[in-house]
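Observations on the three-dimensional arrangement
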Amino acid sequence: MPTSPLRRVGAGLGVAVATALAIVVATPPSGVAASSAAHSAAARDAAAWLAGEYADGVLPGPFGGADWGLTIDGMLALAATGVDPSTRQAATAQIAANVRSYNSYDDWGIEGFTDGGATAKLLYAASAAGADPTDFGGWDLRAETLALVSGAHTGHQHGRITSRTTDESGQDPSNTFDQSFAVLGLARSGGAPQETVDFLVRQQCAAGGFRLYPDAAGAPSPSCDAESNATLDVDSTAMAVQALLAAGADDAAGRGADWLVAQQRADGSFGGSGPTSGANSNSTGLAGQALAAAGRDTEATRAAQALAALQLTGANGGAATADAGAIAYDTGALTEAVDEGITDNLRDQWRRATAQALLGLAQVPLGRIGLDPPPTGGPTPSTSASPTPTGSPAPTPTPTPTPTDAPTASPTPSDTPTAGPTPSDTPSTPVATPTVSTSPVAGGPGRLPTTGVAIGGYVLTALLLVGGGAVLLVLGRRRAT
């Protein structure tokens, strides 16, 4: 029996409804897409500027010589955007050739010391770069990191990343940044032992935030809640949230993300703790990246907007137009640069601020950089004039004043670890990667992220189409009989 015209119309409406619903689900609203594209482009501009600050694959410190912590931060930031592969390759080669210059005091003639936090950060960078973490510059960084995890201790210190030292005082400088890098690096190179994750979770207070230092009054304390008046820190919480997501500890990560949301300021920015408590781009970059990782899209976008307001451009750069793309530490630094340019004595601050800030613009989680394609959305900046990597070691570096990644009391967090894995352009033997939780945490584990954009109009239209199609199908049946 031939199909009636009304039945064909009804069937067509059903297809149209399905198509319309698919479009509503799959296509982000234009405002969200435009915002994401703009922030991705801003991140790539920042990365292009940062790449131009490298010389022979190395970023210098404030006193000259190679700053290996900052060099790693910059390499990871470039990887988050996919900008300038040649500079990333050069940096990876130089870092591999100078492992002990970063995680020991060997260059200072002090033997027998291995810094736990620096070793964990090296493992993370090597794993995310696609290099072999068991043979990075001749070092088995996974084995080294596991050996520095405090397995010999029991109770509340079990699972802590510590340093190898001849000091018998029992004190250790490791902090929540170090522990987060240990969890991230181990997760990316074969799996993080549960005790390392558990120790990190013990640094979280009931409010949801994480403390920076596991020790109180010069001695280890069992947990964040066990320390009276513990100082909760935005930067440490942002790092911990991303490490816990990589390790699959979504409940604790979700509580940390909720705490970060409560710390966000009216303009979308964040401050740290202590000397960095004022609104600044380092804290905002890390917090924005963590919020994006946890599915807090609206808050992550607000953080990105605050970061974009601190970026030099060709239009607002003034005396610093030649440094377009760089991101200021705060509004005061931006105003000073626009008036006077970026002076030599302040350029180090701009490098550190930009390396962390662009993470909040790119919004690729630490656990996914190097695994997911870098975000796009704007024209690719031309690569910098950084030298092509030769793979040869850098000249003998001048040891940097602080070999650890603990924040200092300067206005700019000195060598504060930042983040994200780097994809290598010449990967070596692939490393087995553990299953990484990809379920965004939005109010709890397994919940999907939301954009905060109302879709009521789309739903109403879809319902009208469904209703119209049903009426036509009924009429078609009656006519056919």
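Structure first, text after, so check above.
None of the values given here were measured: they were computed from a predicted structure. (Residues numbered from 1 in each chain as written. Predicted model: local features only at pLDDT ≥ 70, side-chain atom pairs only at ≥ 80, totals over all residues. Heavy atoms only, no water.)

In this structure, F136, L244, L260 and W350 are the most contacted members of the largest nonpolar core, which totals 97 residues. Residues in contact with F136, not counting those within four places in the same chain, are T92, I95, A96, V99, A126, A131 and L141. (Core = buried A, V, L, I, M, F, W, Y, C linked by side-chain atoms within 4.5 Å. Buried < 20%, exposed > 50% of the residue type's maximum accessible area, 1.4 Å probe, protein only. Contact = heavy atoms within 4.5 Å.)

For the rest of this paragraph, the subject is helix α13 (residues 297–308). Helix length check: α13 (12 residues) gives 16 Å between terminal C-alpha atoms against 16 Å at 1.5 Å per residue, within 8%. Burial in α13 covers these residues: E299, A300, A303, A304, A306 and L307. Within α13, the buried residues cover an arc of 160° as seen down the axis, which keeps them to one side. (Helix = DSSP H or I, 4+ residues; strand = E, 2+ residues; numbered from the N terminus. Expected span 1.5 Å × (residues − 1). Arc of directions from axis to C-beta.)

We now examine the state of the cysteines. This structure, assessed with the given rule, holds 1 disulfide. Covalently, C205 is tied to C224 through a disulfide, its sulfur atoms 2.0 Å apart. Judged by the sign of its S-S torsion, about -90°, the bond between C205 and C224 is left-handed. With C205 in the loop between α9 (194–201) and β1 (210–211) and C224 in the loop between β3 (219–220) and β4 (232–233), this residue pair connects regions lying 19 residues apart in the sequence. Per residue, the accessibility class of C205 equals that of C224, and both read buried. (Disulfide = S-S within 2.5 Å.)

The next point concerns the environment of L312. Inspection of the secondary structure puts L312 in the loop between α13 and α14 (331–340). By relative accessible area, which is 1% here, L312 ends up buried. In this structure, the C-alpha to C-alpha distance between L312 and L334, residues 22 residues apart in sequence, is 7.6 Å. Excluding residues that lie within four positions of it along the chain, L312 makes contacts with G317, A320, D323, A324, G325, A326, L334, V338, I342 and W350.

One can describe the packing of helix α6 (residues 116–128) onto helix α7 (residues 141–148) by two numbers: an axis separation of 9 Å at closest approach and a directional angle of 145°. In this structure, the crossing between α6 and α7 has a hand that is left-handed. Here G116, T119, A120, L122, L123 and A126 of α6 lie close against α7, whose contacting residues are L141, R142, E144, T145 and L148. (Axes fitted to C-alpha atoms, helices over the stretch in contact; angles between N-to-C directions. Left-handed = near helix turned anticlockwise from the far one by under 90°.)

To continue, consider the side chain of R347. The topology assignment puts R347 in helix α15 (residues 347–362). The exposure class assigned to R347 is buried, which follows from its relative accessible area of 15%. Residues in contact with R347, not counting those within four places in the same chain, are W49, E53, D323 and I342.

Counted at 1.5 Å a residue, the expected span for helix α3 (residues 68–81) with its 14 residues is 20 Å, and the 20 Å between its end C-alpha atoms agrees. The element α3 is largely enclosed, with a buried count of 14 among its 14 residues. Between the side-chain oxygen at the start of α3 and the backbone nitrogen of G69 there is a gap of 3.3 Å, and the oxygen is on D67. Within two residues after α3, G82 carries a phi angle of roughly 75°, on the positive side. (Polar contact = N/O pair within 3.5 Å; in protein donor to acceptor, adjacent residues only side chain to side chain.)

Spatial relationships are all this shows, so hold off on functional conclusions.
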